[in-house]
Every structure is written in structure tokens, then in C-alpha cells.
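Structural features, examined
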Amino acid sequence: MAKLAAPVLQGRFQEVLGGFQWIKKYYGEIVAAPVPLLKPWVFISNYKYLKEAFRSSACFGRPGQGFKFLYFFAKSPRGIVLQDNESNWSEIRNFTFKKLKEHGTGKSALDIISAEEASHLVENISNNFVNKPIFPEDLLSIPVLNVIWRVISGKRFDVKDQESLAVYKIISDFFTAADFKTLLCISLLWILGDISTFLIFWVPSLKSLQTIRSYLIKYVDSSKAGFNGQVITFTDAFLQKIGETSNPNSMFFHQVGEENLAATVGELLSVGSKSTSTTLHWILMFLAAHPEKQALLQKEVDMVLEGRTPTFDDKRLMPY
């Protein structure tokens, strides 16, 4: 553990992979490591075992300790990411995955949405950045956010919309600032009990979560007020489920359901937008640094697409 802990705690993440490889070499492919004051950490470095583990209900939900700072709405977790109860997690997860497929993440629907947002992005670059240096993340953030937001709400952000840019910047800054040392200190605050919920917002990198919380609550309130029973988007489906739920123990019951809607929307935006735009940013950087690879990629695109808009079915024809 020392081989791994030292670089991680010092923020030298480039050495972390070496630490995992060291653990695998000396202790095997499945290792449980004791951590003071916390539950043991389990390292799995075998793809087959990892898939098997995540099919087990034992891996559902999250540990119940150490994450109260992200319980935006109550003393109990909301949404999917931080659920520490298997039945609650399953109820929210199953509904979310089903409705996302019905309202936008099916292959044909995503083809249309992604192609439209890509066209807006290309048009923006063509009109404003020909022969000019660009910072890719600024350009990629809103189109990526729009793909997710259109599935959730049926609306799209504009690249000039300051509110959406502010929300994306908060998400981006949080993922950048929340290094391992910060998260480790936060995870120990469970010892302080409920008071940790209030203390944690003194951590600078997490104060902005309050801004996102307010934004999400405002969104749910406005969506609820405008909902006419017609189900078009993921949010509509969630509000319909809330209206149909009479079981007070359900994750969709009344205010609890509205809190889960806000938290789930926040999780979809944060996890989806940042990871995707960062991946695209790195791809562009590597292509710029290796023009010979860029030419190889362009050749494949031209040969398969012949000028038309790509679809997800083209993926199997474009291995590179």
C-alpha cells in the first residue's frame, strides 16, 4: 500500500498506475487493503473478475460512511451515484436507465441529437476560428452538455448562454479541484456526524455545489409547474412517476421524488458532460501533436462516410 499511497497523497497521479501494478505483482489480482477509520478498499485488476463483481448485488450502492457532504437535499442520499441502500439504488437506477432509452439515448435518437450538435460545433468553428488558435474545451463543453440536456429536458443551451456556461464551469472546476487528498480528508469527516454536513462547505472546491443545488431545484420547480401530463422528455417521465406514486417508502414519493429528480439530473450532467468533453479534448490534442495519425484518421473518415453525417452504425466500419 505504501507504494501506492505515497504518490497518491502527494498528488502525483502519473505514478498511481505503477502503484496498482505493484499491488497486482506482489499480492494478486484481487486485494483487500485495510484503511484506518474506513472500510477496506478492494483492488481488482482482472477484467473478467471485474465484470463478474459488478453483476453482483454486493457491489450495488455505496458505503454509508463518509459522503454526507454530497447529500444535497437531506440527511439521506438522493439520485444514483451516492445511494448507500441497495433497494433505493435499484429503484432509481432501473427507472433512469429505462426512461433514458425511451426518451433519447436509443441509438437512432442519439444519432440525430449528436449529429445536430456536431453540426452546430463545426459551424461555430468555421464562422469564428478559421486560422485562429482555439481552446477546445470552451468550444466542446456546450455541444456535449446539449446532447445530455436535450435528452433530459428537450431544450438546448446556447453557446452564449451565461447560465449554462456557469454551470459547466462549476462542474469542470469541481472535478479538477477534488484531488485525492481533499476527498480523503472529507471521507474522514463522517466521524463528526451530522456537523460534517455544515463544516464541509468551508472546503473551497465544494462551495460551488450549493450553486448547482440551487440551479437544479429551480429547474425541477419550473418543470413541475409547466408539466401538463404529456411525456416527451426524461424529466416528464420522472414527474409522471412522482405523480403516480402513493407508496411513502418509494424513492419517487412526493418531495423525496422531486429531490431524486434534481439529484439525478445533476449527476447525469456532471458525469456525462465533463468526461466526454475531456476525452474529446485529449483526442484533439494528440491529433494535433501527431499529424500523421490525423491523416490516417481522416482517410478512414473520408472513405467510409463520403461526406455524409456519421451514425453509430458506422463505428464497426471505422476501427481506427
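Residues numbered from 1 in each chain as written. Predicted model: local features only at pLDDT ≥ 70, side-chain atom pairs only at ≥ 80, totals over all residues. Heavy atoms only, no water.

- In the nomenclature of an unreviewed UniProt entry, the protein is known as Cytochrome P450 of Allacma fusca.

1. Side note on helix α14 (residues 291–305)
- Taking 1.5 Å of rise per residue, 15 residues should cover 21 Å, and α14 covers 21 Å from first to last C-alpha, within 8% of that figure.
- Here α14 has its buried residues at E300, V304 and L305. Down the axis, α14 shows its buried residues gathered within 105° of arc, on one side only. Looking at α14, the residues exposed on the side facing more than 90 degrees away from the buried face are P291, K299 and M303.
- Immediately downstream of α14, the backbone of E306 shows phi near 50°, a positive value. (Helix = DSSP H or I, 4+ residues; strand = E, 2+ residues; numbered from the N terminus. Expected span 1.5 Å × (residues − 1). Buried < 20%, exposed > 50% of the residue type's maximum accessible area, 1.4 Å probe, protein only. Arc of directions from axis to C-beta.)

2. Section: the nonpolar core
- The biggest cluster of nonpolar side chains holds 33 residues, and the ones touching the most others in it are W149, I152, F238, V265 and L269.
- Elements with a contribution of two residues or more to this core: α4 (86–105), α5 (107–128), α6 (136–153), α7 (162–177), α11 (209–226), α12 (234–244) and α13 (254–289).
- The dominant element in this core, judged by the number of residues it contributes, is α6, at seven residues. (Core = buried A, V, L, I, M, F, W, Y, C linked by side-chain atoms within 4.5 Å.)

3. Points about the pattern of salt bridges
- In the structure shown here, the tally under the stated rule is six salt bridges.
- The residue R150 makes a salt bridge to E116 at a minimum N-O spacing of 2.5 Å. Note that R150 is positioned in helix α6 and E116 in helix α5, a separation of 34 residues in sequence.
- Salt bridges sharing common partners tie together E116, E117, R150 and R156. (Salt bridge = Lys/Arg side-chain N within 4 Å of Asp/Glu carboxyl O.)

4. Examining the packing of aromatic side chains
- Under the defined criterion, the tally for this structure stands at nine aromatic pairs.
- Ring plane angle 35° and centroid distance 5.8 Å describe the contact between W282 and F286, whose orientation is recorded as tilted. One end of the pair, W282, and the other, F286, are both in helix α13, four residues apart, so they sit about a helical turn from each other.
- When its relative accessible area of 47% is taken as the criterion, W282 is described as partly exposed.
- Here a set of aromatic residues connected by ring pairs shows up, and it is made of F95, F234, F238 and F252. (Phe/Tyr/Trp six-rings, centres within 6.5 Å; stacked < 30°, edge-to-face > 60°.)

5. Describing the pairing of strand β1 (residues 30–33)
- Because side chains alternate across β1, one face comprises the buried residues V31 and A33, and the other comprises I30 and A32, none of which is buried.
- Pairing between β1 and strand β2 (residues 41–44): four bridges, direction antiparallel. Looking at β2, one finds that A32 is bridged to V42. (Pairing = 2+ DSSP bridges.)

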